[in-house]
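Structural features, examined
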Amino acid sequence: MKAAALVLLWPAAAAAADCGATLGEADVRRIERPRYTLAFRPEPAEFELGEVFRLRIVLCGRAGAPAPDLVRLDAWMPEHGHGMNYAPLLSREADGSWRADGMVFHMAGRWEITFDVGTPSRTERLVAEEAVE
Ligand SMILES: [Cu+2]
C-alpha cells in the first residue's frame, strides 16, 4: 500500500516543478498549492526602482485538477499601506499563460505582489514578496 501511495505522489510533485517551464530556467518563482501551482517571471529579471516591468505568469493544475484563472493582480507596500501608481494591465496569451504589463515599483523597500486566482466570484489570494533597493 505504501509503495502505491508513493507512485501516486511523485508525478504531482514533478508537475509542480515543471510549471512555468516555458518561462525559462532562471528567475522563475513558484507558489505551490495542493491543487495548482502559479509560476511567474519578471521581465526584466531584476527590479529597478521606478522602471516599468512586466510579469509573465503560468498557472498549472496539479494531480489532475484544472488550472484556475488569474482574475486580478496587483502590488503594494504593506509597511506603507500604498499600492503602485498605475494599474497593471492583465492579458492572456494564445498559449494560455498570462502577462501583466505596466508595473512600476516606485519606492525602495518590501513589495508584495498579489495574485487573485480562481473565478470572479470566488478567489484565493497568493502573495509573492519582492525587495526593491
Ligand atoms: Cu512605499
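A brief report on the enclosed structure follows. Within every chain, residues take consecutive numbers counted from 1 along the sequence as written. Only residues with pLDDT of at least 70 get local features here, since the model is predicted, and only at 80 or more are side-chain atom pairs given and counted; chain-wide, interface and lining totals rely on the full set of residues. As a convention, hydrogens and water are excluded, and side-chain values are obtained from all of the structure's heavy atoms.

Let us look at the coordination of the copper ion. Because water is not among the atoms used, a metal site may look incomplete, as its donors are only the N, O and S atoms within 2.8 Å, or 3.2 Å for Na, K and Ca. Listed as protein donors to the copper ion are Met77 (SD), His80 (ND1), His82 (NE2) and Met107 (SD); their distances from the metal cover 2.0 to 2.4 Å. Along the chain, the residues that donate to the copper ion are spaced as M-x2-H-x1-H-x24-M. The class for His82 is partly exposed, based on a relative accessible area of 23%. Exposure is judged per residue with a 1.4 Å probe applied to protein chains only, and the accessible area is read against the type maximum: over 50% gives exposed, under 20% gives buried, and values in between give partly exposed.

Any pair of aromatic rings gets described here by the distance separating the centres and the angle formed by the planes. Within 6.5 Å between ring centres, the rings of Phe, Tyr and Trp (the latter by its six-membered ring) count as paired, and their orientation is classed by plane angle as stacked under 30 degrees, edge-to-face over 60, tilted in between. Tallied over the full model, the rule gives five aromatic pairs. Measuring from centroid to centroid gives 5.1 Å for Phe40 and Phe115, while their planes differ by 50 degrees, and the two rings are tilted. With a gap of 75 residues between them, Phe40 in strand 2 (residues 36-43) and Phe115 in strand 8 (residues 109-119) connect regions that are remote in the sequence. Here Phe40 falls in the buried class, since its relative accessible area comes to 1%. Here Phe115 falls in the buried class, since its relative accessible area comes to 0%. A centroid spacing of 5.1 Å and a plane angle of 45 degrees characterise the contact between Phe47 and Phe105, whose relative ring orientation is tilted. Put simply, DSSP H or I for four residues or longer makes a helix, DSSP E for two residues or longer makes a strand, and each gets a number counted from the N terminus.

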